[in-house]
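# Results of the structural survey
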Amino acid sequence: MRTEKHWKDIFNTVIQETDIILEVLDARNPLGTHNRMIEDFVKQNRPEIEIYLIMNKADIIPKSVMQEWKRFFKTQGYKIFAVSARFNRGIIELEKYFRRTVIRSNTNILIVGYPNTGKSSLIEALTRGKKKVGVSNRAGYTRVIKKIKLTNKIYLIDTPGVIPIDETNEMEMAIKSCMIADKLEDPLAVVESIYTLIKREQFERTYKIQLKDDDGIDELIEKIGKRYGRLKSGGRVNEVEVQKLIIRDWQNNKLHYYTLPPSYHQK
Ligand SMILES: Nc1nc2c(ncn2[C@@H]2O[C@H](COP(=O)(O)OP(=O)(O)OP(=O)(O)O)[C@@H](O)[C@H]2O)c(=O)[nH]1
Ligand SMILES: [Mg+2]
């Protein structure tokens, strides 16, 4: 994870040789993972650079919701592509677009975005897995800038994920899957938030447990802990371990959730 200061240190140089930027968003929460700081930085420093939004993880959300998100961003003047780097959806179209529109040799496409949105996965998908840059479900995995050849003219630049400097709420970061469970000071707060965002039936299905109407967080953790044997010596449930398990499952989409565009509610 990088704050604004780190981001500027890292990008000040690379931005000078960048022609196009792809900002990778997590389709589950595209507004929450859209980094305005990058846009402002580019406008101030290299306004001629075109920024494209790439809604990744399209496999996770319904097609109709993706259509709405595309419409939402387009009406705000953004160029946007929807892809699934994991399942190779929309990848050929994206590649064709750049092959068609890029005429100049040595065009550098900088891939940026929040941690864990799938920047490295996108590069691996575009190169058909031939160039391994390293993919992980641990946010903050990519730590250095890497330049990869896509075609004779086009180079892709992988970068570490960045979070705006004013975003300091670890609960929100965990919900956006850009902070790993092990780093959290208060995993319980994150689980409480998850508990308000998804239906209890989903917990029941995912963890094969039964919840009573008046069961709260404590009972949820207790039942999952017992079901999966997350126990401390003495046989009591290891609550923190269970909280981290839930957060990991949330981040890996074992617990399903996605946000809707603001315009969606008006229908
Ligand atoms: N379901 C789904 N998961 C994806 C997709 N693309 C990437 N992922 C998963 O998202 C996680 C993060 O992928 P990375 O490519 O490492 O993400 P990154 O943006 O490079 O992350 P950092 O280097 O940590 O900033 C991994 O677990 C990937 O398997 C996708 O299209 N669909
Ligand atoms: Mg990466």
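Nothing here was measured: the structure is a model prediction, and the numbers come from that model. (Residues numbered from 1 in each chain as written. Chains lettered and ligands numbered in written order. Predicted model: local features only at pLDDT ≥ 70, side-chain atom pairs only at ≥ 80, totals over all residues.)

### Overview of the overall build of the chain
Looking only at helices and strands, one finds 10 helices and 6 strands in the chain. Taken against the 2.2 N^0.38 rule, which gives 18 Å for 267 residues, the C-alpha radius of gyration of the chain at 20 Å falls within 12% of a compact globule. For the C-alpha atoms alone, the extent of the chain along its principal axes is close to 65 × 40 × 35 Å. Split into buried and exposed, the 267 residues of the chain put 33% on the buried side. (Helix = DSSP H or I, 4+ residues; strand = E, 2+ residues; numbered from the N terminus. Rg over C-alpha atoms; globule rule 2.2 N^0.38 Å. Buried ≥ 20, exposed ≤ 12 C-beta atoms within 10 Å, placed from the backbone.)

### Points about the packing of helix H7 (residues 187–197) against helix H10 (residues 239–251)
For the pair H7 and H10, the least separation of the axes is 9 Å and the interaxial angle reads 50°. Judged by the inter-axis angle, H7 sits oblique to H10. Of the two elements, H7 crosses H10, and the hand of that crossing is left-handed. Contacts between H7 and H10 involve Pro187, Leu188, Val190, Val191 and Ile194 from the former and Val240, Gln243, Lys244, Ile246, Ile247 and Trp250 from the latter. Considering only residue class, the contact of H7 with H10 consists of 9 nonpolar, 1 polar and 1 charged. (Axes fitted to C-alpha atoms, helices over the stretch in contact; angles between N-to-C directions. Parallel < 35°, antiparallel > 145°, perpendicular 65-115°, else oblique. Left-handed = near helix turned anticlockwise from the far one by under 90°. Contact = placed C-beta atoms within 7 Å. Nonpolar A, V, L, I, M, F, W, Y, C, P; charged D, E, K, R; others polar.)

### Topic: the site of ligand 1
In the vicinity of ligand 1 there are 25 residues, among which Gly118, Ser120, Ser121, Thr142 and Gly161 approach most closely. Looking at the shell around ligand 1 element by element, the count peaks at 3 residues for helix H5 (residues 119–126). Of the residues assigned to the shell around ligand 1, the class counts are 7 nonpolar, 14 polar and 4 charged. (Near = placed C-beta within 6 Å.)

### What about unusual backbone geometry?
Unusually for a residue other than glycine, Lys57 sits at a positive phi of about 70°. Tracing the sequence through the fold places Lys57 in the loop between strand S2 (50–56) and helix H3 (63–75). On the basis of neighbour count, Lys57 is assigned to the buried category, with 27 C-beta atoms found within 10 Å. Even without being glycine, Asn106 reaches a positive phi, approximately 55°. Mapping Asn106 onto the fold places it in the loop between helix H4 (91–101) and strand S4 (107–113). Asn106 sits in the exposed class, given 10 other C-beta atoms within 10 Å.

### Things to note about the domain arrangement of the chain
Domain assignment breaks the chain into domain 1 (4–158) and domain 2 (180–251). Placing a centre on the C-alpha atoms of domain 1 and another on those of domain 2 gives a separation of 33 Å. (Domains from an automatic or database assignment.)

### A closer look at the packing of helix H9 (residues 217–227) against H10
At a minimum axis distance of 9 Å, the contact between H9 and H10 shows a crossing angle of 90°. Regarding the angle of H9 to H10, the classification is roughly perpendicular. Contacts between H9 and H10 involve Ile221, Ile224 and Gly225 on the former and, on the latter, Glu239, Val242 and Gln243. Counted by class, the contact of H9 with H10 contains 3 nonpolar, 2 polar and 1 charged residues.

### With respect to the pairing of S2
As defined by bridge partners, strand S1 (residues 20–26) adjoins S2 across 7 bridges and the pair is classed as parallel. Residue pairing across strands places Asp26 opposite Asn56, the latter belonging to S2. Taken together, S1, helix H2 (residues 36–45) and S2 constitute a β-α-β crossover, and its handedness is right-handed. As paired strands, S2 and strand S3 (residues 79–82) are joined by 4 bridges and run parallel to one another. (Pairing = 2+ DSSP bridges. Right-handed = clockwise from strand over helix to strand, strands pointing away.)

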